[in-house]
Amino acid sequence: LIQPVVLSGGSGTRLWPLSREKYPKQLLSFVGQDSLLQATLRRLEGIDGATCAPPLVVCNDEYRFVVAEQLRLMGLQGRIVLEPVGRNTAPALTLAALAARAAGDDPVLLVMPADHVVSQVAAFQECVRHAARLAQNGAVVTFGITPDRPETGYGYIQAGAALDAGGACAIARFVEKPDRATAEGYLKQGNYSWNSGVFVLRASVWLNALRLCRPDILEACEAAWNKSTSDLSFVRVDAEAFAACPSDSIDYAVMERLAGAQAVEGLPQGVVLPLSAGWSDVGAWDALWQILPKDEAGNVSQGRVMLQDCDDTLAYSSGRLLACVGVQGLVVVETPDAVLVVDQRHTQDVKKIVDRLKREG
Ligand code: GDD
Ligand code: MG
């Protein structure tokens, strides 16, 4: 049995002003009708229903109604685990694993971020089936993406020995968010891939690995889970106990320790499967520009937009008429209460505005 787990708790600050704390990017639709969360769930349609359980979404308490409504619109009967505060992905996955254990099962968890785009669904599903077979036997399976630039916002996986004829390799090393020089070195070396952020592993395998690496996180999550309350499809974990949980990501807490210099004895086998399915992390505006359909001059327009002699520009209007003349490589985003104008090369720094807004109001 495969239990899909969607981690939907991030706030997507680099896509401000469309993505807001109260309405983050995974709940918005950028490509087509579906939100990124719905597209994530839609990606599983057609995987044999007998082997794929209804999804489990882990998200902040604040998003519960939007998430529930988006599932309902898709006709899905998923469970939704609510976090009172964000403690990053390691605790979020732990709650999902505890939910599975409470149901008396030890399913293979298919852990998916809610904010990615995958254009070739069939190739993705093939990878999921392969990963599930390996995870069934106790492995921690990751999907590796062939890198095309020294991106520092991703994890890097070094492939070791081949494990089967289907491209599965042992993870020789996992390095989360290396600095630029290190990432450039990995690119030159050639046997590194990006971590896609999708993990496939049994619930018990995660809980045991966490017990070895971060028993403090496991204990805090168990305490929060044991005092959880549920109504309808929601499970709400105990606020006080969960607030006391240390914050860490799956990558730092466990993945980096599977192999290599930081290896911890007793951890499961790490496996990397190559994923070639048009994967994209919709992290910032330049990434959105890249994946959206463009006119001959490389412009993306959404909403009431008029472009005159512009190139490689993304213009998004939520209502008011947005006109650009003679500009190149810009992102212009209009919303009712904020307008963003940013150079394509600086879209990562939109986060700095959001940080300032939090401080300066
Ligand atoms: N429920 C919940 N709670 N979800 C969370 C939380 C949380 O506290 N924090 C983050 N998430 C969700 C995000 O919404 C996203 O869907 C997913 O978990 C991953 O979190 P990110 O914060 O986006 O991680 P990242 O992009 O910095 O890094 C991860 O993804 C990269 C690929 O996109 C790592 O796994 C990297 O190694 C990987 O390369
Ligand atoms: Mg991300």
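What counts, and where the lines are drawn
Residues numbered from 1 in each chain as written. Chains lettered and ligands numbered in written order. Predicted model: local features only at pLDDT ≥ 70, side-chain atom pairs only at ≥ 80, totals over all residues. Heavy atoms only, no water. Helix = DSSP H or I, 4+ residues; strand = E, 2+ residues; numbered from the N terminus. Expected span 1.5 Å × (residues − 1). Buried < 20%, exposed > 50% of the residue type's maximum accessible area, 1.4 Å probe, protein only. Contact = heavy atoms within 4.5 Å. 1 Å grid on protein atoms, 1.4 Å probe; cavity = no way out; pocket = protein on both sides within 12 Å on 5 of 7 lines; lining within 4 Å. Points joined across faces, edges and corners; volume = space filled by probe spheres on them. Nonpolar A, V, L, I, M, F, W, Y, C, P; charged D, E, K, R; others polar. Domains from an automatic or database assignment. Buried area = accessible area lost by both parts, 1.4 Å probe. Salt bridge = Lys/Arg side-chain N within 4 Å of Asp/Glu carboxyl O. Near = heavy atom within 4 Å. Polar contact = N/O pair within 3.5 Å; in protein donor to acceptor, adjacent residues only side chain to side chain. Areas by Shrake-Rupley, 256 points an atom, 1.4 Å probe, with all protein chains shown as cover.

**Quick look at helix α4 (residues 121-136)**
Point 1. Look at α4: 22 Å from first C-alpha to last across 16 residues, which is about the 22 Å you get at 1.5 Å a residue.
Point 2. The complete set of buried residues in α4 reads Phe124, Gln125, Cys127, Val128, His130, Ala131, Ala132, Leu134 and Ala135.
Point 3. Those residues of α4 that are buried are in contact with β1 (2-7), β4 (108-113), β5 (116-118), β6 (140-145), β9 (192-202) and β12 (270-274).
Point 4. Two residues or fewer after α4 comes glycine 138, characterised by a positive phi angle close to 105°.

**Comments concerning the layout of surface pockets**
Point 1. Of the pockets and cavities examined, the second largest pocket occupies roughly 280 Å³.
Point 2. Lining the second largest pocket are 16 residues, and of these Val31, Ala39, Arg43, Val117 and Val118 lie nearest its centre.
Point 3. Looking at the lining of the second largest pocket, the elements with two or more residues in it are α1 (36-42) and β5.
Point 4. Of the residues belonging to the lining of the second largest pocket, the class tally is eight nonpolar, five polar and three charged.

**Quick word on the domain arrangement of the chain**
Point 1. What the domain assignment reports for the chain is domain 1 (2-281) and domain 2 (285-360).
Point 2. Between the C-alpha centres of domain 1 and domain 2 there is a distance of 29 Å.
Point 3. Contact residues are listed per partner, giving 13 residues for domain 1 and 20 residues for domain 2.
Point 4. For the pairing of domain 1 and domain 2, the buried interface totals around 1600 Å² over both sides, and the portion due to carbon and sulfur atoms is 68%.
Point 5. It is Arg14, Trp16 and Leu18 that lose the most area in domain 1 upon contact with domain 2, and together they represent 40% of the buried surface on that side.
Point 6. Inspection of the region where domain 1 meets domain 2 yields one salt bridge.
Point 7. The partner of arginine 20 in a salt bridge is aspartate 337, with the nearest N and O atoms 2.9 Å apart.

**Digging into the site of ligand 1**
Point 1. As a structural note, the neighbourhood of ligand 1 is formed by 26 residues, with Glu176, Lys177, Asn195, Asp251 and Asp281 the closest of them.
Point 2. At 2.7 Å, a side-chain N or O of aspartate 251 approaches an oxygen atom of ligand 1.
Point 3. Contact with the protein chains hides 86% of the accessible area of ligand 1, taken as 740 Å² for the molecule alone.
Point 4. Looking at the shell around ligand 1, the elements that each hand over two or more residues are β2 (56-60), α3 (89-102), β9 and β13 (279-281).
Point 5. Here the shell around ligand 1 takes three residues from β9, the largest share from any one element.
Point 6. Grouping the amino acids of the shell around ligand 1 by side-chain chemistry returns eight nonpolar, 11 polar and seven charged.

**Some points on the side chain of serine 317**
Point 1. Mapped onto the secondary structure, serine 317 falls in strand β16 (residues 314-317).
Point 2. Serine 317 has contacts with Gln302, Gly303, Arg304, Val305, Leu322 and Glu334, leaving out every residue within four places of it along the chain.

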